[in-house]
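Summary of the model geometry
Each chain is listed here by its residues.
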Amino acid sequence: MKIGIDAGGTLIKVVLLSDLSRTFKKYPAAEIDQVINMLNSKHAADDVYLTGGKAEYIQEKLNFDTTASIEFDATFRGLTQLLKEADMDLDRYVYLNVGTGTSFHQATQNSQKRVGGSGVGGGTMIGLSYLLTGIGDFDTIIERAKDGIRDNVDLKVHHIYNGRPSPIPGDLTASNFGHILNAQKTASTEDQLIAVIGLVAETVTAMAINLADAFETKDMVFIGSTLLDNKVMTDIIYRYSELKNARAFVVPNGEYSGALGAIS
Ligand code: ATP
Ligand code: MG
């Protein structure tokens, strides 16, 4: 069996590959030592491939040899494979890995260039949610955010133009969190959670749009566990992209790109 592992800042993504099957698993980064123990006890005879920020730590503690790859190369290889499997035939595109933080890349069919990064990512989503509401659990955040109303917290362009014609679509956010002091001055937990997701979603999408423009493409691919079952976030990404005449793609199993691509 071949085992690809992408050990990121928050989650360890694992792909188990045999002739007959492919299985995806993830573990909290806090359980890294348990994952190492499991590998040492059960998988010493398998081929293990590592990538991600915590790959070196794992490699040092394993009592058998492994192969390591640079995170950005591994992710691109895995993403290329997942795009092909999903029949997403993109020639020239940008992709954003919305992990704990976010990294941005410009890509063609055979190569990628990392063009930057931002500290705004999934870690921001859960960290800021926790500070505002006391809820730091990812699944609870994405579930409860569904019942939130963004207009109670965020200022839209149409709020400023107040019914008069605006030069940009009225539905665009003019200021994340900028409406709270003009609106009813209180917001429910759900309103706060959806506003946090909106802030992260719109920040990464705005960066993607600019990056795509500079790279002369309309195609933007989003991966990373932050998007996992996160319909509130992906809806915002799709809607914002559409308003800007760009195309957003969320790749199935995209968060496993690094783990899959580590297997060379
Ligand atoms: P990085 O690449 O920045 O080192 P990472 O690879 O660990 O980090 P991802 O796994 O792509 O990053 O995404 C991590 C984010 O996914 C978290 O910040 C959180 O928003 C979200 N997430 C999804 N599921 C979970 C979960 N079960 N536990 C914690 N966070 C989760
Ligand atoms: Mg990662």
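What comes next concerns the included structure. (Residues numbered from 1 in each chain as written. Chains lettered and ligands numbered in written order. Predicted model: local features only at pLDDT ≥ 70, side-chain atom pairs only at ≥ 80, totals over all residues. Heavy atoms only, no water.)

This part takes up the pairing of strand 4 (residues 47–51). In terms of residue burial, strand 4 counts as a mostly covered element, since four of its five residues are buried. Here five bridges tie strand 1 (residues 2–7) to strand 4, and the two strands are oriented parallel to one another. Residue Lys2 lies in a different strand from strand 4, and its bridge partner there is Asp47. Sheet topology note: the strand 4/strand 5 (residues 67–68) ladder contains two bridges and is parallel. The partner of Leu50 across the bridge, within strand 5, is Ala68. (Buried < 20%, exposed > 50% of the residue type's maximum accessible area, 1.4 Å probe, protein only. Helix = DSSP H or I, 4+ residues; strand = E, 2+ residues; numbered from the N terminus. Pairing = 2+ DSSP bridges.)

What follows deals with the site of ligand 1. Taken together, 16 residues lie near ligand 1, and Gly9, Thr10, Lys13, Thr100 and Ser225 sit nearest. Between ligand 1 and Gly9 there is a distance of 2.8 Å, counted from an oxygen atom to a backbone nitrogen or oxygen. Contacts to ligand 1 include Ser225, whose side-chain N or O atom sits 2.6 Å from an oxygen atom. Burial of ligand 1 by the surrounding chains reaches 82%, relative to a free accessible area of 660 Å². Where the shell around ligand 1 is concerned, the elements lending two or more residues are strand 2 (11–17) and helix 4 (122–133). For the shell around ligand 1, the leading source of residues is helix 4, giving three residues. Of the residues in the shell around ligand 1, the class split is three nonpolar, eleven polar and two charged. Each of domain 1 (2–71 + 259–263) and domain 2 (122–252) gives at least three residues to the shell around ligand 1. (Near = heavy atom within 4 Å. Polar contact = N/O pair within 3.5 Å; in protein donor to acceptor, adjacent residues only side chain to side chain. Areas by Shrake-Rupley, 256 points an atom, 1.4 Å probe, with all protein chains shown as cover. Nonpolar A, V, L, I, M, F, W, Y, C, P; charged D, E, K, R; others polar. Domains from an automatic or database assignment.)

Here we come to the sheet that holds strand 2. Pairing in this open sheet of five strands is mixed, and the strands run 3-2-1-4-5 from one edge to the other. Each of the sheet's edge strands pairs with one partner strand only, and the pair in question is strand 3 (22–28) and strand 5. Strand direction decides the pairing type here: strand 1 and strand 2, joined by six bridges, are antiparallel. If you follow Ile5 over to strand 2, its bridge partner there is Val14. Taken strand by strand, helix 1 (residues 32–42) contacts strand 1, strand 2 and strand 3, and its axis lies near 140° from that of strand 3. (Contact = heavy atoms within 4.5 Å. Axes fitted to C-alpha atoms, helices over the stretch in contact; angles between N-to-C directions.)

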